[in-house]
Amino acid sequence: MNKDIEKILVTEQELNIIAKKLAKQITEDYAGKKLLIVGVLKGSIYFFTDLSRYIELPCNIDFIQASSYGAGTTTSGTIKIIKDISDDLSGFDVLLVEDILDTGRTLKHIKDMIAKRNPNSIAVVTLLDKPARREVDIYADYIGVDVPNAFVVGYGLDYNQYYRNLPYIGILKEEVYKNN
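Only a predicted model underlies this, so the values are computations on that prediction, with no experimental measurement involved.

Peer 1: Is there a simple way to explain the overall build of the protein in this structure?
Peer 2: A tally of regular secondary structure across the protein gives four helices and nine strands. Traced from its N-terminal end to its C-terminal end, the protein shows the element sequence β-α-β-α-β-β-β-α-β-β-β-β-α. Relative to its length of 180 residues, the protein is compact, with a C-alpha radius of gyration of 16 Å against a globular reference of 16 Å. By principal-axis analysis of the C-alpha atoms, the protein measures approximately 50 × 35 × 25 Å. Taken over 180 residues, the protein has a buried fraction of 47%. Restricting the contact set of the protein to residue pairs at least 6 apart, pairs at least 24 apart contribute 66%. Carbon and sulfur atoms provide 48% of the accessible area of the protein, an area that totals close to 9000 Å². When the 22 basic and 25 acidic side-chain charges of the protein are each reduced to a single mean position, those positions are 2 Å apart.

Peer 1: Is there a simple way to explain the nonpolar core in this structure?
Peer 2: Proteins that are soluble and globular tend to have nonpolar side chains buried together. Residues I26, L51, V125 and I169 are the most contacted members of the largest nonpolar core, which totals 29 residues. Per-element accounting of this core gives the leading share, five residues, to helix α1 (residues 12-29). Not counting chain neighbours up to four residues away, the residues in contact with I26 comprise L35, L51, I55, L57, L95, V125 and Y142. Membership of the second largest hydrophobic core comes to 19 residues, among which are A66, L107, I110 and V124.

Peer 1: I'm lost on the pairing of strand β5 (residues 93-101) in this one. Help?
Peer 2: Two faces make up the sheet, and in a regular strand the side chains alternate between them. Most of β5 sits out of view: nine of its nine residues are buried. One ladder, built from five bridges, connects strand β2 (residues 35-41) with β5; its direction is parallel. Bridge pairing links L35 to D93 in β5. Considered for its hand, the β-α-β crossover made up of β5, helix α3 (residues 105-115) and strand β6 (residues 121-129) is right-handed.

Peer 1: I'm lost on the environment of D84 in this one. Help?
Peer 2: By secondary structure assignment, the location of D84 is in the loop between β4 (80-83) and β5. For D84, a relative accessible area of 31% gives the class partly exposed. D84 sits 69 residues away from V153 along the chain, and the two C-alpha atoms are 25 Å apart. Excluding its chain neighbours within four sequence positions, the residues that come into contact with D84 are F63, I64, M113 and R117. In this structure the side chain of D84 is engaged in a polar contact, spanning 2.7 Å, whose partner is the side chain of R117.

Basis of the calculations
Residues numbered from 1 in each chain as written. Predicted model: local features only at pLDDT ≥ 70, side-chain atom pairs only at ≥ 80, totals over all residues. Heavy atoms only, no water. Helix = DSSP H or I, 4+ residues; strand = E, 2+ residues; numbered from the N terminus. Rg over C-alpha atoms; globule rule 2.2 N^0.38 Å. Buried < 20%, exposed > 50% of the residue type's maximum accessible area, 1.4 Å probe, protein only. Contact = heavy atoms within 4.5 Å. Areas by Shrake-Rupley, 256 points an atom, 1.4 Å probe, with all protein chains shown as cover. Lys, Arg positive; Asp, Glu negative; His and termini not counted. Charge placed at Lys NZ, Arg CZ, Asp CG, Glu CD. Core = buried A, V, L, I, M, F, W, Y, C linked by side-chain atoms within 4.5 Å. Pairing = 2+ DSSP bridges. Right-handed = clockwise from strand over helix to strand, strands pointing away. Polar contact = N/O pair within 3.5 Å; in protein donor to acceptor, adjacent residues only side chain to side chain.

Just geometry here; none of it tells us what the structure is for.
See the structure below:
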C-alpha cells in the first residue's frame, strides 16, 4: 500500500469483479441497440478500459474531458469542457462512464450538453457513488459501489494528477492535501 493512503476501500480484485458485473448487465440492457460508450476523462480511464473489455456487444467508443477541480480537493463550480465528443450522437444510445459521482455538477453539465445532440438515450455508469456530497439532482443508472465522504484516489482518480495509477481505490491521508 502507498504510504499516503489511509485505507484501501476497493481492492484490485473487487474492481475487476465490479467491472464484469456491470458489463454483464449493460450487455443485457443494450442488446440490439447502437451503443456509444463515452469515457469521462481522465478519471474513468481504467474503469472505462476494464468495463468496455467485458461488454459483449459491438459498440463505438469516444471520450469527453471536463474539469471543475484544478489542483484542489473541492470543485470550483465552473465546468470547462477540455475535449468534446467527436461522434455524431444521432441514433446512438449513449452510456457515460464516470469514475465517481460526487457533487454531480460536472456529470449533469455533460449529460445536459449531450441531450441536445439527439441521442436515442443517455445513461450513466459510475464506478463510485458518493451520495453524501450530491449537490444537484442526478443519479447513475449503474453503480459499482457507494463510498463514504472521504477523498479517494487510485484506479484513475487523482489528487493534483497523482495517484491515478494505484491499482485500488483508497482514502488519501488528510495531511497529503490539507495544507495545499
